[in-house]
Protein chains: 2
Amino acid sequence: MMAFKTDIEIAREAKKKPILEIGAKLGIPSESLLPYGHDKAKVSQEFIESLAGRPDGKLILVTAINPTPAGEGKTTTTVGLGDGLNRIGKKAVVCIREASLGPNFGMKGGAAGGGMAQVVPMEEMNLHFTGDFHAITSAHNLLSAMIDNHIYWGNEQDIDARRITWRRVMDMNDRALRDIVVNLGGVANGFPRQTGFDITVASEVMAILCLSKDLTDLQTRLGNIVIGYRRDKTPVYCRDVKADGAMTVLLKDAMQPNLVQTLENNPAFVHGGPFANIAHGCNSVIATKTALKLGEYVVTEAGFGADLGAEKFFDIKCRKAGLKPAAAVIVATVRAMKMNGGVAKADLGAENVAAVQKGCPNLGRHIANVKGFGVPVVVAINHFYSDTDAEVAAVKAYVAEQGAEAILCKHWANGSAGIEELAHKVVSLAESGASTFAPLYPDEMPLFQKIETIAKRIYHASEVIADKSIRDQLKAWEAAGYGNLPVCMAKTQYSFSTDPNLRGAPTGHTVPVREVRLSAGAGFIVAICGEIMTMPGLPKVPSAEVIRLNDQGFVEGLF
Amino acid sequence: MMAFKTDIEIAREAKKKPILEIGAKLGIPSESLLPYGHDKAKVSQEFIESLAGRPDGKLILVTAINPTPAGEGKTTTTVGLGDGLNRIGKKAVVCIREASLGPNFGMKGGAAGGGMAQVVPMEEMNLHFTGDFHAITSAHNLLSAMIDNHIYWGNEQDIDARRITWRRVMDMNDRALRDIVVNLGGVANGFPRQTGFDITVASEVMAILCLSKDLTDLQTRLGNIVIGYRRDKTPVYCRDVKADGAMTVLLKDAMQPNLVQTLENNPAFVHGGPFANIAHGCNSVIATKTALKLGEYVVTEAGFGADLGAEKFFDIKCRKAGLKPAAAVIVATVRAMKMNGGVAKADLGAENVAAVQKGCPNLGRHIANVKGFGVPVVVAINHFYSDTDAEVAAVKAYVAEQGAEAILCKHWANGSAGIEELAHKVVSLAESGASTFAPLYPDEMPLFQKIETIAKRIYHASEVIADKSIRDQLKAWEAAGYGNLPVCMAKTQYSFSTDPNLRGAPTGHTVPVREVRLSAGAGFIVAICGEIMTMPGLPKVPSAEVIRLNDQGFVEGLF
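Residues numbered from 1 in each chain as written. Chains lettered and ligands numbered in written order. Predicted model: local features only at pLDDT ≥ 70, side-chain atom pairs only at ≥ 80, totals over all residues. Heavy atoms only, no water.

- Looking at an unreviewed UniProt entry, one finds chain A named Formate--tetrahydrofolate ligase, with Stagnihabitans tardus as its source organism.
- UniProt lists a comment for chain A under the heading Pathway (unreviewed entry), and it reads "One-carbon metabolism; tetrahydrofolate interconversion." (UniProt positions renumbered as here; feature names shortened; annotations may be inferred.)

Right, here's the structure in full:
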């Protein structure tokens, strides 16, 4: 058996350069970098503002097939492609999301990429990093406290305590807080009511931070948050309880993108991390836009498979931020194709070309969907040691039939040297000017029709069903001026359908919309199709039980 | 009317030096400083360990009379004295506490010193600073989540859900969270039970961090936390739910002291901030000890007046950390003497020598108390513009009668130039070797007798009363091996008695102990004498309503 190094072992052996040197590669002067230790820094707002006149680099999206337990390696490929582009002489910047702290104490987790394609410092990125998520938690909960305080002192806004939709957040997996009663204990403590906590990444403040173009935009969006309703059903905004200014103050540093580096000392922005279900699941607009001013190429990713991640990246982030992706990479693995073809995880080690072929239509539909947005596509086959040549050939042949190319990538094992071919292909696609990117639907389309459009054109469902109350709610929001918002779909990431066990490329299924929510600050309507967990729990044996500092002061058990 | 600059205006005009230069003054190499921006840094653990063999500088405690609404300026004097000592050629380091974020959004607050005697950067210190409090919040709440998770998955430890004493924390003034029911919502969410949130500074994790000598000690103490009791009444420890290792990982950076600077570019460690009521109210042991290795003089302070602050500094922090204070400064103001003499706040502007004389016994008792610990004392009269020469002379005369000296200090207006005389006096006291410091009571004294000793010798009470259940609880803890712990008194800071309106130097009062709590990790027994608020609320018009970023990007309304 071969002895592989673990991701964390590789990360610890990284020859990191001082972050000021990494910044210098991008032309960021040292006084414009606010260091956090020697290997992390925030880029100053003044510097970002000074970039306004510059031309933009080319934006590359890395997306994937529907995730399977076999793993697809989307972040690994994003990081690897960034290194690969730098290797072939392009000034490239990686833009990925920050990790949530809470889940790391549940399941072994974390990591920003893997193998020889990682972003470092890994430990800090999986712990407090530069404190952005803590700032978001504080800002969110300040608003919560101000709502209850407003009611306590007389409720001038006539907030209906039964209709407060704004909850509290914590960056922790804590199921005990999902459903709670607060304000108990009598006169001094307030009016009892039922509410709960979500995990911080599910906060609308997180989505807002990731979609805001600057601090002024941030404050406006925070003020737009609908925190609940009055007895007369009119919405109560964050600005009605005067929390938007103080929340902005709490978020002023968190709004500045974080610069770190890959194992190959190339620059990476790691900033923001909204949930990919009830939010749009992409890194921050400000990081992406800053990277586009500094690099010739910006490689970024979006949460989950392309049905959720790429669609929301295109229809929410790109639409709202005015971004024009030049090309997209769809990450697939031979193993995941096999699982889509019906092979159990335990049997993935054996060659099974027929199963690979049977699973490929999942990939095929993602290719067609992304092309449908006018963005040229290349498939990256993220190589595993167990893949056979015949299996790889089967994927390549299938992809060729779809009018695209699949390239075998060995960045996990070899870093940038293993992904040169993909890098060249991405450059040729991007420089061809072939992208004719356009969102899937126009702003003016009615909200329910937007949901139907996504369900039919992206998921290949035959219909969308929703109770009258949901349709009425959507109409009420249209009447209130929210009809032009995009829709943020919340459904299982494991299938094109709403059934997580339905792999491959299903057609003719029904998409039931169970609930709709207004994120007026972030600027989208969430359509919830299935159970969405906004506060995870810890497993029976949480990884926290074994996480500790070892004698060398290294963190054990986190990875 | 004279136009004074506000503290924040002065702070913004500060000519800060790069924090690496400030560190260099103390001989800290740049690679041993982990910068947070250009004006804050953490000192690395390795560097701190490397100091082990060095001799210690002299430790100076700044304490005060009982606080009045007139203000006494304890932190201002601490910072001013640090600058003054540097001015007269002594290498001096200031050690103060970090500010809690939550209360800043309630009342106008914050500040680290005032006038020309401040520590900067002020805005960051009153917001997220280096993230220490967020780390403490995370570590505390991870334990909370692991307790409920343990019960959820079968409760192997047989934790009695009615007897869980470990709550959750948030760095926020949020009365709605004081008393809550968690785990609602059915089978998937757990077993409902009543609990609540405290503010982060009230967390035992905060007290532990401030009393731990290193990361190993920290983990041991975290493991020692009693989180509740089993059905058979035996204690359940943090380590029984295996949270201590992961909590230590979350706290590893927070354990490193934060270096900032005064307005005069002298070094200041700002680290830790335990509540001065249910905890001991001093900055961290690790910061104080590191400063003692680096400076000839270390000037530190303790929360509230000397009856609470100095007593706990001596009996908890110094006893447990093996610190030997060389001298103490008691801060008083003419205005506060007048208030103790019965003058209302509105009438403080008018000269009133008789009232000053009438109020001086409050100061006199603090002088005697501190001397009782064997520590030489000097009184600093923190000068206000409204003080008259006759009033100042009255204080000086009174203090001379007590066998001490009172020195008029104008550091608020003039910085170090205004406090030279005090600095010289402190040096002469410290270098005289007059200190014969010893704690008030021996470790072996029974717990209730420790409470009586403090109440009678420090507060001049005639008796301590407590229900049988409280006395029985203390005996039970003695039987369980906790009898050698010091006692952490929790009572009003406004009086020697438990009645906040009883100013001056009362005698013959009764101290009722309402409740006792075991902080087995921090290593003390809390005796609660009166109402102690561990989760504040916001006022009717919280300052958060006006806190905002102005057009220059500065924070308005926070100060």
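1. Some points on the pairing of strand E21 (residues 487-490) of chain A
Residues and elements named next belong to chain A.
Link 1 in the chain: With burial as the criterion, each face of E21 is covered, one bearing Val 487 and Met 489 and the other bearing Cys 488 and Ala 490.
Link 2 in the chain: Looking at chain direction, E21 and strand E24 (residues 524-528) are connected through four bridges and run parallel. Paired with Val 487 across the strands is Ile 525, a residue of E24. (Buried < 20%, exposed > 50% of the residue type's maximum accessible area, 1.4 Å probe, protein only. Helix = DSSP H or I, 4+ residues; strand = E, 2+ residues; numbered from the N terminus. Pairing = 2+ DSSP bridges.)

2. A look at the packing of aromatic side chains
Two measures describe an aromatic ring pair: the distance that separates the ring centres and the angle between the ring planes.
Link 1 in the chain: Within the structure shown, the criterion is met by 12 aromatic pairs over all chains.
Link 2 in the chain: A ring pair is formed by Phe 197 of chain A and Phe 197 of chain B, whose centres lie 5.5 Å apart and whose planes are at 5°; its orientation type is stacked. Here Phe 197 of chain A, found in strand E11 (residues 197-199), pairs with Phe 197 of chain B, found in strand E11 (residues 197-199), and the two come from separate chains. This pair shows no difference in class: Phe 197 of chain A is buried, exactly as Phe 197 of chain B is.
Link 3 in the chain: Here the aromatic rings of Tyr 152 of chain B and Trp 153 of chain B are separated by 5.2 Å at their centres, their planes lie at 80°, and the arrangement is edge-to-face. (Phe/Tyr/Trp six-rings, centres within 6.5 Å; stacked < 30°, edge-to-face > 60°.)

3. Here we look at the relation of the copies chain B and chain A
For these two chain copies, the linking operation is a rotation about an axis paired with a shift along it.
Link 1 in the chain: Mapping chain B onto chain A calls for a screw motion: a turn of 180° about the axis and a shift of 0.0 Å along it, with 0.0 Å RMSD after fitting. Here the symmetry operator amounts to a two-fold rotation axis. Within chain B, the C-alpha atom positioned nearest to the axis of rotation is that of Tyr 36 of chain B, 2.2 Å from it.
Link 2 in the chain: When you check the interface residues of chain B against chain A, 100% turn up at the interface there too, and the contact is symmetric in its surfaces. (Least-squares fit on C-alpha atoms with pLDDT ≥ 70 in both. Contact = heavy atoms within 4.5 Å.)

4. Overview of the packing of helix H14 (residues 353-372) of chain A against helix H15 (residues 389-401) of chain A
All names here are of chain A.
Link 1 in the chain: Contact pair H14 / H15: the axes reach a minimum separation of 9 Å and the direction vectors enclose 35°. Where H14 crosses over H15, the two elements pack in a sense that is right-handed. Where H14 approaches H15, its residues Val 353, Val 356, Gln 357, Cys 360, Pro 361, Leu 363, Gly 364 and Ile 367 are matched on the opposing element by Ala 390, Glu 391, Ala 394, Val 395, Tyr 398 and Val 399.
Link 2 in the chain: Looking at side-chain class alone, the contact of H14 with H15 contains 11 nonpolar, two polar and one charged residues. (Axes fitted to C-alpha atoms, helices over the stretch in contact; angles between N-to-C directions. Left-handed = near helix turned anticlockwise from the far one by under 90°. Nonpolar A, V, L, I, M, F, W, Y, C, P; charged D, E, K, R; others polar.)

5. Observations regarding the pattern of salt bridges
Link 1 in the chain: Taken as a whole, this structure holds 53 salt bridges over all chains when the rule is applied.
Link 2 in the chain: We note a salt bridge from Glu 545 of chain B to Lys 242 of chain A, for which the minimum N-O separation is 3.9 Å. Residue Glu 545 of chain B is located in the loop between strand E24 (524-528) and strand E25 (548-549), and its partner Lys 242 of chain A is located in the loop between strand E13 (235-237) and helix H10 (244-251); the two belong to separate chains.
Link 3 in the chain: On the accessibility criterion, Glu 545 of chain B (25% relative accessible area) is partly exposed.
Link 4 in the chain: The partly exposed category is assigned to Lys 242 of chain A, whose relative accessible area is 45%.
Link 5 in the chain: Linking Glu 531 of chain A and Arg 514 of chain A is a salt bridge whose minimum nitrogen-to-oxygen distance equals 3.6 Å. Highlighted residues: Glu 531 of chain A in the loop between E24 and strand E25 (548-549) and Arg 514 of chain A in the loop between strand E22 (510-513) and strand E23 (515-519), separated in sequence by 17 residues.
Link 6 in the chain: The network of salt bridges with shared partners includes Asp 148, Arg 168 and Arg 193 of chain A together with Asp 174 of chain B. (Salt bridge = Lys/Arg side-chain N within 4 Å of Asp/Glu carboxyl O.)

6. Describing the side chain of Ser 416 of chain B
Residue and element names in this part refer to chain B.
Link 1 in the chain: Among the secondary structure elements, Ser 416 is positioned in the loop between helix H16 (411-414) and helix H17 (420-431).
Link 2 in the chain: Side-chain polar atoms of Ser 416 contact the side chain of Arg 87, separated by 3.0 Å.
Link 3 in the chain: Once residues lying within four places of it in the same chain are set aside, the contact partners of Ser 416 are Asp 83, Gly 84, Arg 87 and Glu 264. (Polar contact = N/O pair within 3.5 Å; in protein donor to acceptor, adjacent residues only side chain to side chain.)

7. What to know about the pairing of strand E3 (residues 58-64) of chain B
Residues and elements named next belong to chain B.
Link 1 in the chain: The element E3 is largely enclosed, with a buried count of six among its seven residues.
Link 2 in the chain: The pairing of E3 with strand E16 (residues 297-301) spans five bridges and is parallel. When the bridges of E16 are listed, Val 62 appears paired with Glu 301.

8. Considering the interface of chain B and chain A
Link 1 in the chain: Taken together, the contacts link 63 residues of chain B with 63 residues of chain A.
Link 2 in the chain: Of the roughly 5500 Å² buried where chain B meets chain A, counting both sides, 67% is carbon and sulfur surface.
Link 3 in the chain: When the buried area of chain B at its contact with chain A is split by residue, Arg 175, Val 249 and Leu 549 of chain B rank highest and sum to 11% of it.
Link 4 in the chain: One can count four salt bridges joining chain B with chain A.
Link 5 in the chain: The salt bridge partner of Arg 168 of chain B is Asp 174 of chain A, with a shortest N-O separation of 2.8 Å.
Link 6 in the chain: Counting across the interface, chain B meets chain A through 27 residue pairs in polar contact (both at pLDDT 80 or more).
Link 7 in the chain: Of all elements in the fold, only strand E1 (33-35), helix H7 (132-152), strand E8 (168-170), strand E9 (180-182), helix H10 (244-251) and E25 of chain B reach the threshold of two or more residues within the side of chain B that touches chain A.
Link 8 in the chain: Per-element accounting of the side of chain B that touches chain A gives the leading share, 10 residues, to H7 of chain B.
Link 9 in the chain: Classifying every residue of the side of chain B that touches chain A gives 35 nonpolar, 15 polar and 13 charged. (Buried area = accessible area lost by both parts, 1.4 Å probe.)

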